[in-house]
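Residues per chain are reported as follows:
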Amino acid sequence: MPERGQPVGLGGSRSNEALERRLSAVSFLDIVGFATLMAEDAPRTHQAWMRVLHEIILPAAQGHHGRIVKSTGDGVLAEFSSAREAVAWARAVQDALLQMQAGGGLEVDPIAARIAVHIDEVFAVADDIYGPGVNIAARLQEYAEPGGIVLSQAAFGLVRDSLDRPTRDLGLLYLKNIPDPVAAHALDPIEQPLVRHFRHAATLPSIAVLPLQNLGGDPAEAYFAEGIVEDIVVSLASLRELLVIARGSSLTLSRNETDLRSVGRMLGVRYVMTGNVRRTAKRLRVAVQLIDAESGVSLWGDVAEGATDELFEMQDRIVGRVVTGIAPHVRSAELQRALRKRPGNFTAYDSTLQALDCIHSLEKTTFFRAREHLDRAMAEDRNFAMPVAWAARWRSLLIGQSWSDDPRRDTEAAAELAAKAIELDGQNALALATFGHVRSFLFHDYDVALGYFDRALSACPNSPVAWFLSSGTLSYVGRAAEAVRHAEQALRLSPFDQSLFAFYMFLGMAHYCNGNYEEAVKAGRRSLSERPAYTANLRVLSAALSALDRQDEAAEIGKRLLALEPTFTVTAYERTRMPFRDTALRTLYKEHLLKVGLPV
């Protein structure tokens, strides 16, 4: 077994026990985020786990002719006579856990599990089984989604004809302490369970790509050195097999931190890619290296030199080297799908990078210059989706910053530009997420919006913009617990983002809609510290304080809001901009805003 705590009920030495070798279906179940749940409320978590074990897991094993070999404290090792019985047990357990969660059957945070099934020869004694097959099952479960099941190729080949829904090919997985890669398939849950943490972030190879250093000597070229990693980051972020920190956080840290091990610790990643670029009128030289952030050791380096218009081939080469180095099981077809569509015009690309430099500054005068660069890029190459998508996002930020003199016009323009970008590149997550947000916030077309957010997260599972914007729509439709998790995932992917004020506002809104007003206030205060003039946050924060009867604090925030929006009235806001679909939530939010003392 892998290095876990001492399993419950194990005996001592096996030296005098009779060994039996047999072919078995080995299954390993692990509880998602168990350590966090125990740290917050150990007695109730233990009680809930015992209930799940004795009311769901054990009876289901008996019903499918299997046995629970042992408990490891936060999971179980089970043995079955056939792969079909093991998979049937795994599905029965996951279905029962989901039903228990839906029915509110537990008083603690929801318990969700990952399960793996593998067929192999095991060594058996009276109360235990062990051997390489057991270790493989234990390691495979780390690649299951919460509520999902992973099947080794050996198990999958025996049950594939009996499965009633598609599986996802995981390719070859390189498991810890297992010498040879293991082919596997995922049976993902149809309905995602509620869990504290998204996916299996700790087990995914994680990377931050730092902006390249400018060796050209001209400070005006800094935008280019920082910007050319954008395509590298987005291509990597489109792969489910990696956890990729957003460029915004990498950019912030690279300017203030030179110790790559510190960067790795602060961003919570295992690998950091860094390098430099030298640009002349006609030539480029790009040098990069991949660093193990835990040890500080360089794993590989690469230098590419060529004509300026060969940059895109250099970027593709870098992405391929990174994937080969830290996620070698990614199939080549999947990698090709993830690579960004190239522009046909290098001037369009350069103008887009200049626009990104202006947008990310979020300084008003500089921010407005971004539009000129984006207009130039779109004029240079009408088939290049990247500037069109960023032009849509630019207008969305313009409205969010209260810098638009005609929010309705700019929102409709954002929707049109996002739709055009999607037409040019149906996998552009930024365009998909922006379009979803506009459809939801302005037009209250929530179901269509959620469909676009699903597409955005499918195209780029590591897009913090898609995660935090989708959090807003989930709050609007009353799916507040999911909204909290989406906002938290955005923060995980970009903990030092320039737009943290928006991340925390959406997190605060999600907590407010979930009735957790204390957490809503905490998030609102964080947003306030990042951007004091962000009026969307002032509304949510004042309502949360009002809900807690902290009227003096709520009134202070209300005064800030009126100073920034002197014509604000609760009635006009409810009629034109209040986004909530749920009638009860709309009524409650209105009551809390009026309680603050805001004009009727």
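Residues numbered from 1 in each chain as written. Predicted model: local features only at pLDDT ≥ 70, side-chain atom pairs only at ≥ 80, totals over all residues. Heavy atoms only, no water.

(A) Inspection of the side chain of threonine 274 at higher detail. Relative to the helices and strands, threonine 274 resides in strand S12 (residues 271-279). The exposure class assigned to threonine 274 is buried, which follows from its relative accessible area of 15%. Here threonine 274 is in contact with Leu210, Leu212, Leu260, Ala287, Val288, Gln289 and Ile291, once residues within four sequence places are set aside. (Helix = DSSP H or I, 4+ residues; strand = E, 2+ residues; numbered from the N terminus. Buried < 20%, exposed > 50% of the residue type's maximum accessible area, 1.4 Å probe, protein only. Contact = heavy atoms within 4.5 Å.)

(B) Main features of the packing of aromatic side chains. Under the counting rule described, the total for this entry stands at 19 aromatic pairs. Ring centres of phenylalanine 501 and tyrosine 534 lie 4.8 Å apart, and the angle between their planes is 85 degrees; this geometry places the pair in the edge-to-face category. With a gap of 33 residues between them, phenylalanine 501 in helix H19 (residues 500-513) and tyrosine 534 in the loop between helix H20 (517-530) and helix H21 (535-547) connect regions that are remote in the sequence. As far as the burial class goes, phenylalanine 501 and tyrosine 534 line up, both buried. With a centroid separation of 6.3 Å and an interplanar angle of 55 degrees, the aromatic rings of tyrosine 573 and tyrosine 589 are classed as tilted. (Phe/Tyr/Trp six-rings, centres within 6.5 Å; stacked < 30°, edge-to-face > 60°.)

(C) Examining unusual backbone geometry more closely. Positive phi is not limited to glycine here, since histidine 65 has a value of about 60 degrees. Summarising the element assignment, histidine 65 is placed in the loop between helix H1 (34-63) and strand S2 (66-71).

(D) Representation of the pairing of strand S14 (residues 297-307) in the model. Note that strand S13 (residues 283-292) and S14 share ten bridges and pair antiparallel. Note on S14: the bridge partner recorded for glutamine 289 is glycine 301. What sits between S13 and S14 in their antiparallel hairpin is a turn of four residues, with glycine 296 showing a positive phi close to 80 degrees. (Pairing = 2+ DSSP bridges.)

(E) Just helix H17 (residues 464-476), in detail. Taking 1.5 Å of rise per residue, 13 residues should cover 18 Å, and H17 covers 19 Å from first to last C-alpha, within 8% of that figure. Taken across its 13 residues, H17 has 13 buried, putting it largely inside the fold. Of the residues trailing H17, glycine 478 is marked for its positive phi of about 90 degrees. (Expected span 1.5 Å × (residues − 1).)

(F) Up close: helix H6 (residues 229-237). In terms of burial, H6 is a largely internal element, eight of the nine residues being buried. Every buried residue of H6 is accounted for by Val229, Glu230, Asp231, Ile232, Val233, Ser235, Leu236 and Ala237.

(G) Expanded view of the nonpolar core. Among the nonpolar cores identified, the biggest contains 139 residues, and Phe224, Met273, Tyr349, Tyr512 and Tyr589 are the most heavily contacted of them. Ranked by the residues each element gives to this core, the list is headed by H19, at twelve residues. Residue contacts for tyrosine 589: discarding those within four places in its chain leaves Tyr512, Arg539, Val540, Ala543, Tyr573, Met578 and Phe580. Judged by nonpolar contacts, the second largest core, of 37 residues, contains Val87, Ile111, Ile115 and Ile149. (Core = buried A, V, L, I, M, F, W, Y, C linked by side-chain atoms within 4.5 Å.)

In short, the description is geometric, and any link to function would need to be established separately.
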